[in-house]
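Inside the fold
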Amino acid sequence: MSQNASRLVETETIGNVFLISINRPEKRNAVNQETAVQLYEAIEKFEASEDLRAAVLYGKGGNFCAGYDLSELSSAQGVGGSIPEADLLPKGRGPMGPSRKMISKPVIAAVSGYAVAGGLELACMCDLRVVEQSAIFGVFCRRFGVPLIDGGTVRLPQMIGLSRALDMILTGRPVTAAEALQMGLANRVVPVGAALGEATKLAQTISNFPQECLLRDRQSAFNSCFDAASLEEAFKFEYNNGLAVIAKESVAGAKRFVAGEGHKGSFSQDSPSSKL
């Protein structure tokens, strides 16, 4: 691997939070094959660590990600015409990296500039999106006949509803941060330059909660959207999935509440999980 290639994705650890950055600012962080490999490896490293509880995904240089690198796609060395069938890909892998993976712990997207085409799909892969006021989402690949094959047509309708998703998918039009917040695509809108800091704070907050309970509730939510065949099945999974947490975390948490912690809706406790 070349020295330049080794820097396409950079990582940093802050406490229990893992920062993952796409580092191709000259390409608006468009992803090529090597970047996709490194993104996948970074997510694998995050999932494998027992110390890391939440991750933040962002792009260097003012843009989140402009999608797949079309200059590579257009070349003989690119993936055009040679993309394998889904069953032949490593589990969870897509052209954009970890885009077809059910990541086991929360990931927050810190979105600045463009999050379009495959970049939109990476943002949708994340649990939450902290978005700068000037950010733009969109299926910009619509203009060039490049399909959404990194989860965009799967996740986006679940997140914002089929009608709004089709508006984005069929027209390819740009969606501002304000509209993204209104439709539920953005979770927070922050000033320009503040997304990474705010996303990191949010990740730190999430990492301080009792983790098994948080992860099981998250798993139940994903199950209800993507796996459950019926309402009854979703209820059953939620109940059974959460039951084991009660003895491990809930009883201790109830004792903390009875002792006075968290009354009147206070979230001031810095690290409730440290006491469990």
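Report on the accompanying structure. Fair warning: this is a prediction, and the values are worked out from it, not measured in the lab.

Let's talk about the sheet that holds strand β6 (residues 128–132)
The 6 strands lie next to each other as β1-β2-β3-β4-β6-β9, forming an open sheet whose pairing is mixed. Sheet topology places β1 (9–14) and β9 (188–190) at the edges, where each strand pairs with a single neighbour. Shown here is a sheet whose adjacent strand axes are inclined to one another by a mean of 20°, direction ignored. In the sheet, β1 pairs with strand β2 (residues 17–22) via 6 bridges, with the strands oriented antiparallel. Note on β2: the bridge partner recorded for Thr-13 is Phe-18.

Points about the pairing of strand β3 (residues 54–59)
Two faces, one strand: in a regular strand the side chains alternate between the faces of the sheet. Within β3, 6 of the 6 residues are buried, leaving the element largely enclosed by the surrounding structure. Of the two faces of β3, both are covered, the one formed by Ala-54, Val-56 and Tyr-58 as well as the one formed by Ala-55, Leu-57 and Gly-59. Pairing of β2 with β3 involves 6 bridges; the strand directions are parallel. Residue pairing across strands places Ile-20 opposite Leu-57, the latter belonging to β3. Between β2 and its parallel partner β3, the chain crosses via helix α1 (residues 33–48), and the hand of that crossover is right-handed. Pairing between β3 and strand β4 (residues 107–111): 4 bridges, direction parallel.

Overview of the packing of helix α8 (residues 211–226) against helix α9 (residues 231–258)
At a minimum axis distance of 9 Å, the contact between α8 and α9 shows a crossing angle of 180°. Classed by the angle they form, the pair α8 and α9 counts as roughly antiparallel. From α8, Gln-211, Glu-212, Cys-213, Arg-216, Gln-219, Ser-220, Asn-223 and Ser-224 reach across to α9, where they touch Ala-234, Phe-237, Glu-238, Asn-241, Ala-244, Val-245, Lys-248 and Glu-249.

How each quantity is defined
- Residues numbered from 1 in each chain as written.
- Predicted model: local features only at pLDDT ≥ 70, side-chain atom pairs only at ≥ 80, totals over all residues.
- Heavy atoms only, no water.
- Pairing = 2+ DSSP bridges.
- Helix = DSSP H or I, 4+ residues; strand = E, 2+ residues; numbered from the N terminus.
- Axes fitted to C-alpha atoms, helices over the stretch in contact; angles between N-to-C directions.
- Buried < 20%, exposed > 50% of the residue type's maximum accessible area, 1.4 Å probe, protein only.
- Right-handed = clockwise from strand over helix to strand, strands pointing away.
- Parallel < 35°, antiparallel > 145°, perpendicular 65-115°, else oblique.
- Contact = heavy atoms within 4.5 Å.

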